[in-house]
Number of protein chains: 2
Amino acid sequence: MTTPAPVLLPIGQMADATGVKVPTIRYYEQIGLLPTPPRSQGNRRLYPESAIQRLRFIRHARELGFEIDAIRQLLDMADQPDQSCADADSIARHHLADIQSKIARLNALGDEVRRMIVDCSQSSVRQCRVIQVLADHGQCLGDHLAEPIKINEK
Amino acid sequence: MTTPAPVLLPIGQMADATGVKVPTIRYYEQIGLLPTPPRSQGNRRLYPESAIQRLRFIRHARELGFEIDAIRQLLDMADQPDQSCADADSIARHHLADIQSKIARLNALGDEVRRMIVDCSQSSVRQCRVIQVLADHGQCLGDHLAEPIKINEK
DNA sequence: TCTTGCTTCTCTAGTCGCTAGAGATTGTAG
DNA sequence: CTACAATCTCTAGCGACTAGAGAAGCAAGA
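Now for a quick tour of the structure. Model, not experiment: these values are computed from the prediction. What you see as residue numbers is a count from 1 along each chain, following the sequence as written. Note on labels: chains are lettered from A, ligands numbered from 1, in written order. Two thresholds apply to this predicted model, a pLDDT of at least 70 for residue-level local features and 80 or more for giving and counting side-chain atom pairs, whereas whole-chain, interface and lining totals are computed over all residues. Think of the side-chain values as coming from all heavy atoms in the structure, minus any hydrogens and water.

## Some points on the overall build of chain A
A tally of regular secondary structure across chain A gives six helices and two strands. Classification of residues uses two cut-offs on accessible area relative to the type maximum, computed with a 1.4 Å probe and protein chains only: under 20% is buried, over 50% is exposed, and between them is partly exposed. When each of the 154 residues of chain A is scored for burial, the buried share is 43%. What makes two residues a contact is simply this: any of their non-hydrogen atoms within 4.5 Å. Sequence separation of 24 or more characterises 50% of the internal contacts of chain A that already satisfy a separation of 6 or more. Residue-level accessible areas treat just the shown protein chains as cover; the underlying method is Shrake-Rupley with a 1.4 Å probe. If you sum the accessible surface of chain A, you get close to 8600 Å²; carbon and sulfur atoms cover 51% of it. Helical segments are the DSSP runs of H or I of at least four residues, strand segments are the runs of E of at least two, and each set is numbered from the N terminus.

Spelled out as structure tokens, the structure:
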């Protein structure tokens, strides 16, 4: 009566099972997001099936735009199911607020860029509305754009 | 009858005049976005007033979210006022499309995150909707989210 | 003249979340 | 035995800056 050998997956099958690329999995290990898995005799990573869940959790959170640090905290919470989930809620709310402010900013940008394009006479650069507006901030409606001089909206 | 000495500004005054930080101005020079200015005897950069216009152009374009490469092209066009502005128009249109797709993606993310939060029972992690949804992609409405596995929406 | 303090200089390294590539090794199928 | 695939480690690159060290220049006040 032997215990059944646990199923262990090489990194490529982990990638297939989760949709996370192989180098990314190694990267997550490197930054401490995934625990270091056991290795084969030939030094290959061999993951227990439980690692699939964890990696899917990470992938899903990344798809929803959570930052790595937030995911780290969420994973810690998921590991302690008896604790309060207020912190998880708070992280998600902060993230939502972040998303909303990015949307607002992008809407403002979009309006401005659309105006430039619509007004463009489609002739020479000399009369080009796009170039003119860029050259002279005064022609731009949105001074609100300039308020946070940070432009990391990507 | 001597020609009047041209007004030359040190980098700090350029920063004040344009709202672009000093290290950023040097960075723009380094990547070839701003021409290298003449230097004083003590090796300080001294900018002609015309550089203010160029730097303002750059800043405004960055505020509107244009990438450095696009700005490089727009600046080239602005320097050739007799050419057609079709390219400038095209760059702006591409940028607008980019903004719109980012907004669409962020709206989808926002919806999903909002659902997680609303459903959260605010009790223990074990019942936490936020954690549950992250752990199980199947509970998520948005399979569309997964389509482009790239998650560089920031 | 000396000193204090501000500005500027160059250079390197860090940010975030990966991605790409080199070059070596291991495992597997024919 | 030989291909070939998968994996290993390590380093460097992306974009658009930002931060910091350490040195040098410069103007005003004592």
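## Regarding the interface of chain A and chain B
Each partner contributes to the interface: chain A provides 61 residues, whereas chain B provides 61 residues. Carbon and sulfur atoms make up 68% of the area that chain A and chain B hide from each other, which totals about 5600 Å². Put simply, buried area is the surface a 1.4 Å probe can reach on two separate parts but cannot reach once they are joined, added for both. In terms of surface lost to chain B, no three residues of chain A exceed H60, E63 and L134 of chain A, which account for 12% of the buried area on that side. Salt-bridge detection follows one rule: a side-chain nitrogen of Lys or Arg within 4 Å of a carboxyl oxygen of Asp or Glu. Summed over the shared surface of chain A and chain B, the result is zero salt bridges. Pairs of N or O atoms are called polar contacts if they sit within 3.5 Å, as long as, within protein, a hydrogen donor faces a hydrogen acceptor (for residues adjacent in sequence, only side-chain-to-side-chain pairs). Our count for the chain A to chain B interface comes out at four residue pairs in polar contact (both at pLDDT 80 or more). Sorting the residues of the side of chain A that touches chain B by element identifies α3 (50–63), α4 (68–78), α5 (86–119) and α6 (129–135) of chain A as the ones contributing at least two each.

## Quick notes on the pattern of salt bridges
Residues and elements named next belong to chain A. According to the stated counting rule, one finds 16 salt bridges over all chains in the structure shown. Here D89 and R93 are joined by a salt bridge, their closest N and O atoms 2.7 Å apart. Residue D89 and its partner R93 are located together in helix α5, separated by four residues, close to a single helical turn.

## Describing the relation of the copies chain A and chain B
What sets the superposition is a least-squares fit of C-alpha atoms, and only residues with pLDDT of at least 70 in both copies go into it. With an RMSD of 0.1 Å, the fit of chain A onto chain B corresponds to turning through 180 degrees and sliding 0.0 Å along the axis. Taken together, the rotation and translation describe the operation of a two-fold axis. Residues of chain A ranked by C-alpha distance from the rotation axis are headed by I103 of chain A, positioned 2.8 Å from it.

## Topic: the packing of helix α3 (residues 50–63) of chain B against helix α4 (residues 68–78) of chain B
All names here are of chain B. To get an axis, a line is fitted to the C-alpha atoms, and for a helix only the part in contact is used. The angle between two axes follows their N-to-C directions and goes from 0 to 180 degrees. For the pair α3 and α4, the least separation of the axes is 10 Å and the interaxial angle reads 140 degrees. It follows from the interaxial angle that α3 and α4 lie oblique. Judged by the sense of rotation from one axis to the other, the crossing of α3 with α4 is right-handed. Residues R54, F57, I58, A61 and R62 of α3 form the contact with α4, whose own contacting residues are I68, I71, L74, L75 and A78. Here the nonpolar group is Ala, Val, Leu, Ile, Met, Phe, Trp, Tyr, Cys and Pro; Asp, Glu, Lys and Arg are the charged ones; every other residue, Gly included, is treated as polar. Residues belonging to the contact of α3 with α4 are distributed by class as follows: eight nonpolar, no polar and two charged. In these notes the angle categories are as follows: under 35 degrees is roughly parallel, over 145 is roughly antiparallel, 65 to 115 is roughly perpendicular, and the rest is oblique. Should the near helix be turned counterclockwise from the far one by less than a right angle, the crossing is left-handed, whereas a clockwise turn marks it as right-handed.

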